[in-house]
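Examination of the molecular architecture
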Amino acid sequence: MWIPTEHEKYGVVLASFRGTVQHGLSLEIGDTVQILEKCEGWYRGFVLKNPNAKGIFPLSYIHLKNANIKNKGQFETVIPTEDSVITEMTSTLRDWGTMWKQLYVKNEGDLFHRLWHVMNEILDLRRQVLVGHLTHDRMKDVKQHITARLDWGNEQLCLDLVPRKEFSMVDPDEISVTELYKLMEHRHRKKDTPLPASTHHLFVQMKSLMSSNLGEELEVYFSIYDSKENRPISERFFVRLNKNGLPKSPEKTERQCTLFVDLGSSDLRKDVYITVHIIRIGRMGAGEKKNVSNVQYRRPFGCAVISIADLLTGDSKDDHILKVYTCNTESEWYQIHENIIKKVNARYNLTGSNTGLAVSLQLLHGDIEQIRREYMVLFTRGVAITKKLGFSDIIMPGEMRNDLYVTLEKGEFEKGGKSVARNVEITVFLLDCDGQVLKNYVSAGSGEPAGDEFHSFVLYHNNSPRWAEQIKLPIPVDRFRGSHVRFEFRHCSTKEKGEKKLFGFSFVPLMQEDGRTLPDGTHELIVHKCEENANLQESARYLKLPFSKGNLPGNNQAVKTTKESFWITSFLCSSKLTQNGDMLDLLKWRAHPDRITDSLSKLKEIDGSEIVKFLQDTLDTLFGILDENSQRYGLKVFDSLVHIINLLQDSKFQHFKPVMDTYIESHFAGALSYRDLIKVLKWYVDRIIEAEHQEHIQQVLKATEYIFKYIIQSRRLFSLATGGQNEEEFRCCVHELFMSIRFFLSQESKVASPITQTQAVFLKTFPAVYCELLKIFNVREVANFVRETLGSLPVIAHADCPLEAVKLQCIAKTVESQLYTNPDSRCILLPVVLHHLQMHLQEQKDLVMCARILSSMFSLIRKDGTTEVSISEEVDLIVESLLGVLLRTILEITNRPQPAGTALRLQFQDVTGEFVACLLALLRQMTDKHYQQLLESFSNKDDLRDFLLQIFTVFRILIRPEMFPKDWTVMRLVTNNVIITTVLYLSDALRKNFLNDHFDYKVWDSYFYLSVIFINQPCLQLETFSPSKKKKVLEKYGDMRVMMGCEIFSMWQNLGEHKLNFIPAMIGPFLEVTLVPQPDLRNVMIPIFHDMMDWEQRRSGSFKQVEAKLIDKLDSLMSEGKGDETYRELFNSIIPLFGPYPSLLKKIERETWRESGISLIATVTRLMERLLDYRDCMKVGEVDGKKIGCTVSLLNFYKTELNKEEMYIRYIHKLYDLHLKAQNYTEAAYTLLLYDELLEWSDRPLREFLNYPMQTEWQRKEYLHLTIIQNFDRGKCWENGIILCRELADQYETYYDYRNLSKMRMMEASLYDKIMDQQRLEPEFFRVGFYGKKFPFFLRNKEFVCRGHDYERLEAFQQRMLNEFPHAIAMQHVNQPDETIFQAEAQYLQIYAVGPIPESQDVLQRDGVPDNIKSFYKVNHIWRFRYDRPFHKGTKDKENEFKSLWVERTTLTLVQSLPGISRWFEVEKRELIEMSPLENAIEVIENKNLQLRTLITQCQARQMQNINPLTMCLNGVIDAAVNGGLARYQEAFFVKDYIINHPEDGEKIGRLRELMFEQAHILEYGLAVHEKFVPQDMRPLHKKLVDQFHLMKSSLGIQDFPAYVRASPVHFTNGSPRICRNSVPNAISPDGARVIARRSPLSYPAVNRYSSSSLSSQASNEVSNITGQSESSDEVFNMQPSPSTSSLSSTHSASPNVTSSAPSSARGSPLLSDKHKHSRENACLSPRDRPCSAVYPNPQDPTQRMITHQIGENSLPRSDPNLSTPEKGSPARNMRPLSPVPTPRSPQKTSIQSFTPSPTECQSSGLVSNSPVLSGSYSSGISSLSRCSVSETSGTEAQPSEHMLTTSTSSGSDELTRRENKTPPPYSVYERTNSRRPVPLPHSLSVPVSSDPPALPPKPHQLRSGKLESEGRRASEQGPRPRPLPRKVSQL
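Residues numbered from 1 in each chain as written. Predicted model: local features only at pLDDT ≥ 70, side-chain atom pairs only at ≥ 80, totals over all residues. Heavy atoms only, no water.

1. Looking at the overall build of the chain
Here is the rule we go by: Helix and strand labels come from DSSP, where a helix needs a run of H or I of at least four residues and a strand needs a run of E of at least two; each type is numbered from the N terminus. In this scheme, a residue with accessible area under 20% of its type's maximum is buried, one over 50% is exposed, and one in between is partly exposed, where area comes from a 1.4 Å probe on protein chains only. We call two residues contacting when some pair of their heavy atoms lies within 4.5 Å. All accessible-area figures derive from a Shrake-Rupley calculation using a 1.4 Å probe, and residue coverage is judged against the displayed protein chains alone.
Tallying secondary structure elements over the chain gives 63 helices and 44 strands in all. Looking at the chain as a whole, 56% of its 1932 residues are labelled buried. Summarising the internal contacts of the chain: among those between residues at least 6 apart in sequence, 75% fall at separations of at least 24. Of the roughly 84200 Å² of accessible surface on the chain, a fraction of 51% belongs to carbon and sulfur atoms.

Laid out in structure tokens, this is it:
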């Protein structure tokens, strides 16, 4: 049985549990669980990170922990009783864990590894805390480390700032908001740079001296030297080096490392240096030989210098190599360091080029204790401390020093009977009063222990030596009296003995008889003669002698005149001894009572450090004098006391304040002093107003705190001694004193008058007096003193008065004092404090101070459950006096412009934050009663209205994101909690006071606006939080958005008919609320929309306004940049808003206006889907198809469904910008054209819009035209640009603006030039299918055709699409997908190439139109595309697969033509037909024939650089045919079975046979051409081809060509882009013979068809005959094409991609429709009946005619029109003169023109280079049928044509006639229907224009003309045929 647990509530999982049992809960190791019930070894509960999933788990898997339970029962929460730091650590590490993994995924490696290290550190520290073996101090340190690391990690991961108090997290409910703000501020400020340390220390480590000329031991002395004052400022640090230049005692680190301590910030200057002096110990001369003398001398070696400032800039941890210098003359040694610093180069030089001193130098910052903690190793390992000379900047009490520093300066000595000067050495001894040498008190410097004596260095032969060597004598105080220092002078001989001979001495006593020590400064000592050491044994003898020349009695002239002198400088640094006689006089006042007044007067002149040394003694002296004679010395003692008290205010001595405090508490004994002190203080206060000089009085008032301390302590001592006598008298005195103070404070005076300054001085010290008064008076009495004192102050003084700031400081200290914390005193003080605050806030003065005071006040008011009456009254008072002014202040400071300086701005933000915290604290304290009183206090509705508007505005400010730093979520949640509580109170006032007759729109609007932005705050969107954070927030505050939503609903319901005021204004804001993904909130808000629609319907009969506002708002939400990660979810919510939620739809269905309502919902839903896609696409970085497609979808929606023109235009420009960015210039032009078409050529003024200025409609349209033309130009779409140029030119012409008209015409001309001269690439087209539900709405389950980029082939396009949709799967087949793919939760892409079907067939089929022009019409304005898919139907014959090879041909029709406003458009319609194997075979052979013709033509025209393409093509076709290519077709379709089974295919079989023969004929002709051009090395291959061709012919059964093939000449099309519009095509001949022809009246069918003609089998021989006989290689043939059933098939250009089996785009002329088919009426002649001369027409025969040959899609190379006629090689020179019969003009104005092939090589139509059929071996189309050729159709699919293979009877009769007339038969076949037979003109009469010029593009107003119905109509048109371009390019 399951029993609820009592104590087992909380545990940690020890091992993972899978939860495989019934109701089992899966657990992971480390999870924390809350236990609800238990039963027989099992628990039931849940994991804390997922409280919704409850289940059972084994008891043994859980380690139980102690926990506290809150709210026992169903909703209990469990809090572990462990240390709060541990709890925080655990939860934080869990949160970090998931984020840490994400860092790895996001590739943020650096942070990933750093966080990993920190997490490991925290875990280690956690173990230490959990073990519980740490000392209290160590635990504190560990916790500090933990919290520092937690804060660092939170900051790095952008998590929330945690407010802490003593390392523990703070519950915001447990402290006041102001306190919370301070904590947050403190934690936030911790990130700022710390204050620079005021104390610094220099660490020095001696490494080595590197020099080549060592060999003697060395002494190195370091000291810090101030070059500004020319004196050392520290002791010396002394290191001994051995002969190798290394430290002598390497094992003792304190001998080689030191810390120069207590350097002030002022010491870190450029002119402070570290000086190093090096002394060698050895022989007198450095180069001397080792002589007999073993005596060692200290001799100068070198000096090095480095500036301390260099250490501040460089890396302090690096070793420094210092250059060592030596002086040129030894006598300069004492100032070598100065010379180096001043760079007096003449006086020193380097000791050696390679001499260097290696030292490690590092500056450390902070006080010495901090350094000890941070650099523990230094102190444990050992480091010498080198002190400053004198005390540090701050003197600490208890600091014991008694150091005498003596510097041996210089000496003046006589020669002593010698011829040369002496080598003087000084030996220094310290002796006590008995003459005994004091051991170990002479120190050469720190680092080495002190010795008994000191030897100076020796200067060679110098009677005026200067040493400047400093020694330290650390003498104990008790040894000072009677001790003296003796200096012995010896001459050091350099002779063999090397003896040191004494010749004199000096001495100096350390203390004078009166107790004063040796004064600091330089002393000139007398050198007493002495030659024997024995004379110095008894010190008593010489101590009676004078020691200094300065204090000799006047009569002792003998000693004075002696020439020998010795100078020393002494400096005493002692905390116990003084050199000051005045100080000693004061301390010994009882010995000289007459000097008391004098001594008291002189006290002020004594140095402060002397006074603090003897502070206690001095104070005892002063109070002793006061007790002795208060009448006489009272004032003097008081002044002296004030002087000492104020001395301790100095920063140097402030640490002595505790010494004085201790003195007052423990040593002060002046029980009677209080009377005198009060009396004198009152006397001074009373004199303030009359006194002229206030300085002294101000000094007195500055010392008020300590004077009161003495007064109170004195009174307490008196009371203890007397049992409380004279209490009344004392109280009376104090009252009188305060009356005097109040009187002087109440004086109002001018700005900055002395009295005002005195008042300020008093107010600064006054709060410090409270504590003292409380020792004697009770709380209420002291509070009254303070209240009356503060109340006496003038309320508000002048603006610049310094008193104001001080007054507020005084109030601030009062509020922060112990007195104010007591509730009894607080109720007395609060009114006066509030009064002053109110005045300042109203004046907006001293806001920083006001904020500080308010913060302190609110920190004291705790938010307790049991609100005390006193607290309630306090809140009453504060609300009454400050709430209004507080709101005004916040409004004022937030509306001010922020100051520029960083410091000022920070201060400004602090003030704002503090005021906000104060307001929140106040509102949080307010109860129902307070709100009631507040609302009742407003006398009229206007005041209440102003208050409500004010507080709502302030709340809106508080919600702003910039109000608090980003990571202050705790503060934001508290703020929101306070706001919602207050709003709930105030909404009642709104309902009661501002409804019905008193309705006030402004207040209600402000209320709703606040509610909406409250709900939309980022910090309340719980969905974005981590589960743990969300759980905490919900537990503490609930979902505040829902609470506010309910309040909005409730208030809306109360509005009644006033709702109409908020429609449609509130639609947008409410919609924003509904986008919040919170179901409860949405349920609350939905009825409001229904209500709005209902009220709007009632008012206006429709809700168009609602609809318009809704749509505008949806769009603006996008542009406001709400595109964060959660925005998709937010937007998705609008669809369920109107969809799955039945409430709104159900309500609407019940209404009378249900249809329009449902339609609105549908519209909004569709818009929503598009907006959602748009937002998602726009998030991606670079421009891609998705973005453009999405924008197009949205743009069309605004145009077609919503008809919102402004939105439409905005999105046109967004799309335009996207195209420009992607360099889609053509699409950009089409896009901008959409806007252009909305405008008219009118003078209507247009407002400023987007980037357009204010201008007329005409000007804007002109600008747009020019921009569009520029983009068409950049996109090489010049034809479209020409249309716009013309339109603009018309406008300029209308306005007679000839200047611009001229420019426009020139621009138009330049575009025509570009069409003719520049190369244009034809793009590939690709069909793309987007299948699956994961695609955006505008793509989902749709197919599109896309225009590829330049040079983009299928693989590149496919890769691009996969990059755009990285999650998509590419489908590997071209079949239509089934429903499962459509509905799949995935993305499938199906991509293959398609071919365009051009619309402008008339242009493409027209004669004489160059390819440059045609290429435009092939790939522009394309609506339809097709692709072929080969498949086998029925059983596949393995021997011959062509029998069953069918082709499925699909035609796709788009919604818009390409190119357009996008690179892709959706497929609107797809049509599918199947082509039989026979039809397929026909098309394959047609394509191959066309390809062969093209190559042969190019070869003839010498357009090919080499002949290889033709060779390979011929080889491919012949070889394939030999190996069974054409034979396979014969087997498949010419067999009896097939013909019987498919009787309907008779004509097609005939057509196939004809094509096969035609191919053989073309091949034969091709071989003839090939033979002419083939290079020598390829002759064997040519011979092989010829042999194989004969084999092929025989395999086809062709011995001779049939008549219908022989009689018809081969026609080849020309692909030259360089073409004269009047030129005519060549007939084919290996030599490139010319044709003179004219156009037939039948040459303009709607879609042209050409006969497929063949040469006779002897053509090759005939050609060679002609070539051999003619004078020129340019021969003339008369040819006439006859329209036949065959057509030139299109070229085949397929993508090289084999995987998709998709055909590529096809190029070429389309097949004919039935109505344009013509029956063939051919007269065939046998070639053998023709004589060789038949090539020349008979001039006498009028029947002979020359007919222009039509050009097809790929025309032959044309002559260059720029060449003159003779150069062109006119055929006339090879012709006999023609009879001058006038040529009748046809309606087509046909004439004859001769031309040569163009010398420039043309571009082939793409067959040779692109077709995979030709790749490799140029095999025929038959051998590679896995790829299906494509032919282009015009309008309808190609149907099988009827082939008429019979020759007509008229042909025969025509032949007879010719025979009779002996007319040579022409190669061309005449059409019998043509009655007019014009005779060719002689060359001299030939007209150059041979055909119609191509029509110019139409004017913009001309519409597309329909296709002509019949041949006759077309022939009869006299005017030029216009280009098929419509007026508006965008509609193409």
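2. Side note on the pattern of salt bridges
Using the following cut-off: The term salt bridge refers to a side-chain nitrogen of Lys or Arg lying within 4 Å of a carboxyl oxygen of Asp or Glu.
Following the criterion strictly, the structure yields 84 salt bridges and no others. Glu37 is the salt-bridge partner of Arg44, the closest N and O atoms lying 3.1 Å from each other. For Glu788, the salt bridge goes to Arg742, with nearest N and O atoms at 3.1 Å. Of this pair, Glu788 sits in helix 23 (residues 779-791) while Arg742 sits in helix 20 (residues 727-745), placing them 46 residues apart in sequence.

3. Concerning the sheet that holds strand 25 (residues 453-455)
We apply this condition: A strand pair is defined by DSSP finding two or more bridges across the two strands.
Strand order across the open sheet formed by five strands is 25-24-27-28-30, with antiparallel pairing between neighbours. Strands at the two margins of the open sheet, each flanked by one partner only, are strand 25 and strand 30 (528-529). Bridge analysis of strand 24 (residues 424-431) against strand 25 gives three bridges, and the strand direction is antiparallel. Opposite Thr427, over in strand 25, you have His455 as the bridge partner.

4. Details of the sheet that holds strand 18 (residues 319-323)
Defined as follows: Think of each axis as a best-fit line through the C-alpha atoms, taken over the contacting stretch in the case of a helix, with angles from 0 to 180 degrees between the N-to-C directions.
Spatial ordering of the open sheet is given by 18-21-11-15-22, a layout of five strands whose pairing is mixed. What marks the edges here is a single partner per strand, and that holds for strand 18 and strand 22 (384-386). Between one strand and the next, the sheet's axes are offset by a mean angle of 30 degrees, whatever the strand orientation. The pairing of strand 11 (residues 199-210) with strand 21 (residues 356-365) spans 10 bridges and is classified as antiparallel.

5. Some thoughts on helix 49 (residues 1354-1364)
Residue pairs three or four apart in sequence face the same way in an α-helix, which turns once every 3.6 residues. Heads up, the rule is: Directions are taken from the helix axis to each C-beta atom, and the arc is the one they span.
Of all the positions in helix 49, only Leu1354, Phe1357, Gln1358, Met1361 and Glu1364 are classed as buried. Projected down its long axis, helix 49 shows its buried positions confined to an angular sector of 125 degrees, all on one face.

6. Concerning the nonpolar core
Heads up, the rule is: Working definition of a nonpolar core: buried Ala, Val, Leu, Ile, Met, Phe, Trp, Tyr and Cys residues. They are joined through side-chain atoms within 4.5 Å.
Core analysis: the largest hydrophobic core is formed by 285 residues, its most contacted members being Tyr710, Met857, Phe915, Phe1008 and Phe1070. Not counting residues within four places of it along the chain, the set of residues in contact with Phe915 comprises Leu841, Leu847, Cys850, Ala851, Leu854, Leu886, Thr889, Ile890 and Ile893. Listed in part, the 56 residues of the second largest apolar core include Leu502, Phe503, Leu525 and Phe566.

7. A look at the packing of aromatic side chains
Just so we agree on the cut-off: Within 6.5 Å between ring centres, the rings of Phe, Tyr and Trp (the latter by its six-membered ring) count as paired, and their orientation is classed by plane angle as stacked under 30 degrees, edge-to-face over 60, tilted in between.
Counting across every chain of the model gives 68 aromatic pairs. Ring centres of Tyr1252 and Tyr1263 lie 6.1 Å apart, and the angle between their planes is 80 degrees; on these two criteria the pair is classed as edge-to-face. In this pair, Tyr1252 is assigned in the loop between strand 32 (1245-1246) and strand 33 (1255-1256) and Tyr1263 in helix 46 (residues 1257-1274), connecting sequence segments 11 residues apart. Of the residues examined, Tyr1252 reaches a relative accessible area of 8% and is grouped as buried. Owing to a relative accessible area of 45%, Tyr1263 belongs among the partly exposed residues under this scheme.

8. Overview of the packing of helix 27 (residues 847-860) against helix 28 (residues 869-895)
Helix packing geometry: the angle between the two helix axes and the distance between the axes. Inclusion rule: Every angle not falling under 35 degrees, over 145, or within 65 to 115 is termed oblique; those three ranges are roughly parallel, roughly antiparallel and roughly perpendicular. A crossing counts as left-handed when the near helix is turned anticlockwise from the far one by less than a right angle, and as right-handed when that turn is clockwise. Note on residue classes: Ala, Val, Leu, Ile, Met, Phe, Trp, Tyr, Cys and Pro are nonpolar, Asp, Glu, Lys and Arg are charged, and everything else, Gly too, is polar.
Helix 28 packs onto helix 27 with a crossing angle of 135 degrees between their chain directions and a minimal axis gap of 13 Å. By the angle between their directions, the pair helix 27 and helix 28 is classed as oblique. For the element pair helix 27 and helix 28, the recorded crossing hand is left-handed. Along the contact surface, helix 27 presents Leu847, Leu854, Met857 and Phe858, while helix 28 presents Ile878, Leu882, Leu886, Thr889 and Ile893. Tallied by class, the residues present in the contact of helix 27 with helix 28 amount to eight nonpolar, one polar and no charged.

9. Quick look at helix 31 (residues 941-959)
Filter applied, for reference: Here the expected span of a helix is defined as 1.5 Å times the quantity of residues minus one. Throughout this description, a polar contact denotes any pair of N or O atoms lying within 3.5 Å of each other; where both atoms belong to protein, one of them has to be capable of donating a hydrogen while the other can accept it, and for residues adjacent in sequence the pair is counted only when both atoms sit in side chains.
Look at helix 31: 27 Å from first C-alpha to last across 19 residues, which is about the 27 Å you get at 1.5 Å a residue. Restricting attention to buried positions, one finds in helix 31 the residues Leu944, Phe947, Leu948, Leu949, Gln950, Ile951, Phe952, Val954, Phe955, Ile957, Leu958 and Ile959. The N-cap residue of helix 31 is Asn940: its side-chain oxygen and the backbone nitrogen of Asp942 are 3.3 Å apart.

10. Things to note about the pairing of strand 18
One face of the sheet, then the other: side chains in a regular strand alternate in exactly this way. Where burial is concerned, the two faces of strand 18 differ: the one with His320 and Leu322 is buried and the one with Asp319, Ile321 and Lys323 is not. Across five bridges, strand 18 lies against strand 21 in antiparallel orientation. Bridging across to strand 21, Lys323 finds its partner in Gly356.

11. Considering the side chain of Asn646
Mapped onto the fold, Asn646 is located in helix 15 (residues 630-647). Separated by 2.9 Å, the side chain of Asn646 and the backbone oxygen of Gln699 make a polar contact. Beyond its immediate chain neighbours, meaning those up to four positions away, Asn646 contacts Gln699, Lys702 and Ala703.

12. Quick look at the packing of helix 33 (residues 1001-1015) against helix 35 (residues 1040-1055)
Interaxial distance between helix 33 and helix 35 falls to 9 Å at its minimum, and their mutual angle equals 155 degrees. Considered as vectors, helix 33 and helix 35 are oriented roughly antiparallel to each other. In this structure, helix 33 meets helix 35 at a crossing whose hand is left-handed. On the side of helix 33, the interface is formed by Trp1004, Tyr1007, Phe1008, Ser1011, Phe1014 and Ile1015, while helix 35 contributes Met1040, Arg1041, Met1044, Gly1045, Glu1047, Ile1048, Met1051, Trp1052 and Leu1055.

13. A short note on unusual backbone geometry
Excluding glycine, residues mostly have negative phi values, and the peptide bonds linking residues are mostly trans. Omega for the peptide link from Leu1458 to Pro1459 comes to -5 degrees, which places this bond in the cis form. Looking at where Pro1459 falls in the secondary structure, it is placed in the loop between strand 39 (1445-1458) and strand 40 (1464-1475). The backbone phi angle of His23 is positive, close to 65 degrees, even though this residue is not glycine. Secondary-structure assignment places His23 in the loop between strand 2 (10-13) and strand 3 (32-39). Positive phi is not limited to glycine here, since His1421 has a value of about 55 degrees. Of note, His1421 is situated in the loop between helix 52 (1411-1419) and strand 38 (1422-1432). What makes His1421 buried here is its relative accessible area of 4%.

14. Here we look at the pairing of strand 31 (residues 565-574)
The element strand 31 is extensively covered by neighbouring structure, given that nine of its 10 residues are classed as buried. The pairing of strand 29 (residues 521-526) with strand 31 spans six bridges and is antiparallel. Looking across to strand 31, one finds that Leu525 is bridged to Phe566.

15. Some details on the confidence of the model for the chain
Quick reminder of the rule: Scored between 0 and 100, pLDDT is the confidence that the predictor attaches to each residue.
Summary statistics for the chain give a mean pLDDT of 75 and a share of 74% for residues scoring 70 or more. Throughout residues 863-867 the model reports pLDDT below 50, and contacts reaching past four residues in sequence, or to other chains, amount to four contacts. Under a pLDDT of 50 for its full length, residues 1123-1143 has, in the predicted model, 49 contacts with residues more than four places off or in other chains.

16. Observations regarding the environment of Ile175
Checked against the element boundaries, Ile175 lands in the loop between strand 10 (168-169) and helix 4 (177-189). Taking the relative accessible area as the measure of exposure, Ile175 reaches 8% and is therefore buried. Once the C-alpha coordinates of Ile175 and Ile861 are considered, the two residues, 686 residues apart in sequence, prove to be 9.1 Å apart. Leaving out residues up to four positions away in the same chain, Ile175 has contacts with Val170, Leu180, Leu183 and Arg924.

17. Focus on the environment of Gln933
Turning to its location among the elements, Gln933 is positioned in helix 30 (residues 928-936). In this structure the C-alpha to C-alpha distance between Gln933 and Asp876, which are 57 residues apart in sequence, comes to 8.5 Å.

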